[in-house]
Amino acid sequence: MRKSVESQNDMFCRFGISNERRTIFADVDETRMRTCFAPTIRHLIRVGDGVSRFLGCEKCGVGPGDVHPIPFSRMGLRASCHLRRNLTLVSRKHEGGGVMMRYHIILPFALFGAFAPLCAAEKPNVVVVLTDDLGFSDLGCYGAEIETPVLDRLAANGLRFTQFYNTAKCHSSRVSLLTGRWCRQAGDEDMDRAVTLPEVLGPAGYFNAMTGKWHLSKEPTDFGFDRYFGHLSGATHYFRGNDTFRLNGEPWEVPDSGFYTTIAKVDYALDFLAEAREEEKPWFLYIAFNAPHAPIQPLKEDYEKYKDHYKVGWDVIHERRIARQIELGIFDEDVETAPRLDHIPAWEDLAPELREWESKRMAGYAGMIDRVDQELGRLVADLEAAGELDNTLIMFFSDNGACPYDRRNIKWEDEPYNPDTRWTDSTGWAWARNTPYRFYKQNQFEGGVATPAIFHWPDGIKTEPGALDFTPTHLVDLFPTILEMAGAEAPTEFPGRELTPLAGVSLMPVLSGGSLEERPPIHFLFNQDRGLRDGDWKIVSFQAGPWELYNLENDPAEARNVVAEHPERVEKMAAEWHRMTRDVLMAPEREQRPVATEDRPKIHSQWSDYDPEPGRHTGNR
Ligand SMILES: [Ca+2]
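Quick caveat, the model's predicted, so the values are computed rather than measured. (Residues numbered from 1 in each chain as written. Predicted model: local features only at pLDDT ≥ 70, side-chain atom pairs only at ≥ 80, totals over all residues.)

Of the regular secondary structure elements, the chain holds 14 helices and 26 strands. Burial status across the chain gives 48% buried among its 621 residues. Sequence-distant contacts in the chain: of pairs separated by 6 or more residues, those separated by 24 or more amount to 68%. (Helix = DSSP H or I, 4+ residues; strand = E, 2+ residues; numbered from the N terminus. Buried ≥ 20, exposed ≤ 12 C-beta atoms within 10 Å, placed from the backbone. Contact = placed C-beta atoms within 7 Å.)

A few words on the nonpolar core. Among the nonpolar cores identified, the biggest contains 139 residues, and Val128, Leu151, Ala209, Ala269, Leu285, Met395 and Phe455 are the most heavily contacted of them. Setting aside its immediate chain neighbours within four residues, Val128 contacts Leu177, Tyr286, Met395 and Leu478. (Core = buried A, V, L, I, M, F, W, Y, C linked by C-beta atoms within 7 Å.)

Next up on the list: the pairing of strand 17 (residues 392-398). Side-chain positions along a regular strand alternate between the two faces of the sheet. Along strand 17, seven of the seven residues are buried, which leaves the element largely enclosed by surrounding structure. Alternating positions in strand 17 separate into two faces, Thr392, Ile394, Phe396 and Ser398 on one and Leu393, Met395 and Phe397 on the other, with burial throughout. The pairing of strand 10 (residues 125-131) with strand 17 spans seven bridges and is parallel. Bridging across to strand 17, Val128 finds its partner in Met395. The pairing of strand 17 with strand 18 (residues 450-456) spans three bridges and is antiparallel. Each residue of the ladder has a partner; that of Met395, found in strand 18, is Phe455. (Pairing = 2+ DSSP bridges.)

Between helix 2 (residues 149-157) and helix 9 (residues 352-385), the least distance of the axes is 7 Å, while the angle of their chain directions is 55°. In terms of orientation, helix 2 and helix 9 fall into the oblique class. Contact residues: Pro149, Val150 and Leu151 in helix 2; Asp373, Leu376, Gly377 and Val380 in helix 9. For the contact of helix 2 with helix 9, the per-class residue count stands at five nonpolar, one polar and one charged. (Axes fitted to C-alpha atoms, helices over the stretch in contact; angles between N-to-C directions. Parallel < 35°, antiparallel > 145°, perpendicular 65-115°, else oblique. Nonpolar A, V, L, I, M, F, W, Y, C, P; charged D, E, K, R; others polar.)

It is worth spelling out the sheet that holds strand 23 (residues 537-541) at this point. On the basis of which strands lie adjacent, the open sheet formed by four strands has the order 21-22-23-24 and antiparallel pairing. Edge positions in the open sheet fall to strand 21 (522-526) and strand 24 (548-551), since each of these has one partner strand only. Across the sheet, the mean angle from the axis of one strand to that of its neighbour is 15°, orientation sign disregarded. Packing against the sheet, helix 14 (residues 567-584) makes contact with strand 21, strand 22 (529-534), strand 23 and strand 24, and its axis sits at approximately 70° to strand 23.

This part takes up the packing of helix 6 (residues 261-278) against helix 9. For the pair helix 6 and helix 9, the least separation of the axes is 9 Å and the interaxial angle reads 15°. If you check the angle between helix 6 and helix 9, you find them roughly parallel. Between helix 6 and helix 9 lies a crossing of right-handed hand. Along the contact surface, helix 6 presents Thr262, Ile263, Val266, Ala269, Leu270 and Leu273, while helix 9 presents Arg371, Val372, Glu375, Arg378, Leu379 and Asp382. (Left-handed = near helix turned anticlockwise from the far one by under 90°.)

Taken residue by residue, the chain gives an average pLDDT of 84. The fraction at 70 or more is 79%. Every residue in residues 1-62 scores below 50 in pLDDT, and together they form 120 contacts with partners more than four places removed in sequence or on other chains. Every residue in residues 65-121 scores below 50 in pLDDT, and together they form 139 contacts with partners more than four places removed in sequence or on other chains. (pLDDT = per-residue confidence, 0-100.)

This brings us to the pairing of strand 23. For strand 23, a buried count of four out of five residues is recorded, marking the element as mostly surrounded by other parts of the structure. The pairing of strand 22 with strand 23 spans five bridges and is classified as antiparallel. Of the residues in strand 23, the one forming a bridge with Arg533 is Lys538. Connecting the antiparallel pair strand 22 and strand 23 is a turn made up of two residues, with Gly535 showing a positive phi of about 65°. Two strands pair when backbone bridges link them, and strand 23 and strand 24 are joined in this way by four bridges, in the antiparallel orientation. Of the residues in strand 24, the one forming a bridge with Val540 is Glu548. Connecting strand 23 to the next strand, strand 24, in antiparallel fashion are six residues, including Gln543 with a positive phi near 50°.

What follows covers helix 2. Here helix 2 has its buried residues at Val150, Leu151, Leu154 and Ala155. Looking straight down helix 2, one finds that the buried residues subtend no more than 135° of arc, so they occupy a single side. Turning to helix 2, the residues buried within the fold contact strand 11 (159-165), helix 9, strand 17 and strand 18. (Arc of directions from axis to C-beta.)

Moving on to the environment of Ile263. Here Ile263 lies in helix 6. Sequence-wise, Ile263 and Arg371 are 108 residues apart; in three dimensions their C-alpha atoms are separated by 8.2 Å.

With that settled, the discussion passes to helix 12 (residues 478-486). Among the residues of helix 12, Leu478, Phe479, Thr481, Ile482, Leu483 and Ala486 are the ones counted as buried. Buried-residue contacts for helix 12 involve strand 10, helix 3 (170-179), helix 5 (197-201), strand 17 and helix 13 (508-511).

What follows deals with unusual backbone geometry. Omega for the peptide link from Ala291 to Pro292 comes to -5°, which places this bond in the cis form. By secondary structure assignment, the location of Pro292 is in the loop between strand 16 (283-288) and helix 7 (300-304). Going from Ala294 to Pro295, the amide bond is cis rather than trans, its omega being 0°. Of note, Lys218 is a non-glycine position whose phi angle comes to about 50°, a positive value. Looking at the secondary structure, you find Lys218 in the loop between strand 12 (207-212) and strand 13 (227-231). A positive phi angle, near 60°, is found at Ala544, a position not held by glycine. Within the element layout of this structure, Ala544 appears in the loop between strand 23 and strand 24.

Moving on to the environment of Asp349. Checked against the element boundaries, Asp349 lands in the loop between helix 8 (314-328) and helix 9. The exposure class assigned to Asp349 is exposed, which follows from the 10 C-beta atoms found within 10 Å. Placed 261 residues apart in sequence, Asp349 and Tyr610 show a C-alpha to C-alpha distance of 9.8 Å.

Now the structure itself:
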C-alpha cells in the first residue's frame with residue numbers, strides 16, 4: 001500500500017506503509033525533500049572534506065546532481081523529526097581511501113498527518129553489550145585509568161549498579177543473560193529448558209540482531225535472532241579471525257587484511273539496525289565483544305596510547321583504582337580491600353625484564369578496552385542521529401572477572417599489535433583489574449562474579465542521572481526486565497523444550513526509582529566453584545574447599561571471613577545452595593558433592609608463575 005502526500009514545499013513526496021521499506025533522501029535544511037521506494041537499494045554517499053555527496057539511486061534513477069551536498073559531522077546528519085526518528089548515517093566500510101556511508105531518513109511527522117499513528121506507539125529498543133573477561137574496575141566510571149569516555153557518559157546520564165553479578169565464566173553468563181535462568185537450569189549450552197530473549201521478543205514485534213561471540217550450541221539464528229554476524233567460538237584471533245565466523249547462518253570468510261574483530265562487530269551491528277529501521281520495528285541488539293579476552297591483540301594506535309602507562313606496576317594501579325572508586329562513591333572511604341595474595345609478587349620484586357613485559361601486557365588490555373569504547377561511540381552516534389538514543393535501553397556488562405590464566409610461554413620481546421603475537425593473560429594484572437576484589441574468572445568470589453553494569457535509557461530510567469544503585473542483581477534479571485519493558489509475556493511452553501521457571505526478577509522497579517520487593521537468593525556455580533548471595537550475606541567456596549562467609553554490606557571485598565562466628569547461618573545457606581543446585585538447577589551429581597572440611601591452598605596450575613626457573617620465560621605453573 002502506498003500513499004502520496006504533498007510536502008510543505010510542493011516537492012514530490014510519497015509514504016510507504018505496511019511492510020514496504022522506504023528510503024528517502026534529502027538535504028538537511030528540509031527545503032527540498034524527495035522520496036523513492038527502493039526496497040533493496042541503498043543510497044550511497046561519499047564523505048570527504050566535511051561534505052557528503054550523494055551518489056544516486058540506481059533504482060529510481062536519481063543522480064548526484066539532484067540533491068545538494070550534505071554537511072557531515074561525526075555525530076551524523078540531523079533533521080528535525082517529531083518522532084525522534086531522523087537521518088541516520090551508517091559507516092559501511094573503508095573503500096578507496098574514503099568512507100562509504102549509507103543513510104536513511106524517516107520523514108518527519110508533519111508530512112504524514114493521518115499516517116502518523118502507525119509509527120507513534122514506539123516500543124523501546126534494547127542494546128545489551130557484553131564484554132569478555134573485563135575486570136570490575138576496567139572502565140573509567142568504575143575506577144580505571146583506561147579512557148572510556150563513551151561508557152562514562154552513558155553512566156553519567158544513566159544508572160550504574162555496584163553489585164551486579166555474572167556467572168564468572170563465558171558461556172554460563174551468556175546462557176543466563178539470554179534465558180533469565182541459571183546456566184544448568186536452562187539446559188546449559190543447549191538451552192533446551194528455556195526460551196531466549198529473541199524467541200520472545202520476535203513474536204512481540206521486535207527485530208532481533210546479534211554480533212560477536214556466541215559460544216553456545218548451534219547458532220544465534222537457531223535461537224530467534226533474525227540477523228547474526230560473529231564467531232561461534234569462545235575466542236578468536238583479533239586480526240585473522242577463525243573458521244567459525246558466520247553471517248546470518250552462512251560461513252563468512254575473514255578478509256586477508258584490514259580486519260579487526262571489535263570494529264567488524266559494530267560495522268555489522270549498524271547494518272542490522274538500518275534494516276530494523278527499514279522494517280519499522282523496535283529492535284533488540286546483542287553485541288558480544290570478545291575483547292579484552294586473550295589473545296592480547298590491540299590495534300597499534302590503541303596500544304601506543306598506553307605503552308608507558310603501566311610501568312608503575314600493579315600495586316600502584318590497584319591503589320589508584322580504589323581511590324577513584326571511593327571518589328566515585330562506589331565504595332565507602334573505609335572500605336577494606338582485598339590484599340594482594342601470596343601467588344602474586346610485589347611489583348618491585350619482579351625482575352626488570354618481567355616488569356617491562358608485564359607493563360606491555362597491561363597496555364595491551366587497555367588498548368583493547370579503549371577500542372571497545374571507541375566502537376560503542378559509533379553505535380551511540382548512530383542511535384543519536386536516528387533519534388533513538390532516548391528511547392533505547394542500553395546495558396553494559398562483562399561476562400566474568402579478569403582472567404588469570406597464563407597458558408603458554410611467549411616471546412615477550414614481541415609487540416602485541418603484531419598479528420603473530422598471541423599473549424595470554426596475566427594473573428598479577430587480573431588482581432589489579434578486579435580491584436578491590438580478589439580471585440578471578442571462574443572463582444565465585446567477587447573478583448570472578450562482579451561486573452560493571454551501566455544502564456542508559458533517558459525515556460525510561462527515573463533515577464537521578466549518574467545514580468548508583470547498590471541492590472544485588474544478576475544477569476538472570478535481564479530477561480524479565482526486558483520483557484516487562486517490551487510488554488511481552490514469558491511463555492510457559494515452547495515446542496521441543498521443557499521450560500523451567502525464571503530465576504531472575506525484573507529490575508524495572510529499580511529503574512523507576514524504587515526498589516525490588518523481593519530478591520531471591522543468587523546462586524553461583526561453575527564446576528566446583530560455588531557461592532550463594534542472600535541479602536547482605538554470601539557464602540563462597542573455592543573449588544569445593546570449605547565454605548567461607550562474608551557480610552558484603554560492611555565488607556564488600558570479602559576481606560574478613562566470619563564463618564566461625566555464624567555457624568548456623570552458614571549451615572542454613574549451604575543447605576539452600578544444595579537444595580537449589582539439586583532441585584532448581586538440576587546440576588550433575590559431581591557438582592552437588594559436599595565441600596571439603598579441611599582448608600587447602602587456593603592456587604591454580606594455570607595462574608602466572610612469577611618465579612620461573614632460570615632461563616625459562618614465565619608462563620603457567
Ligand atoms: Ca569471558
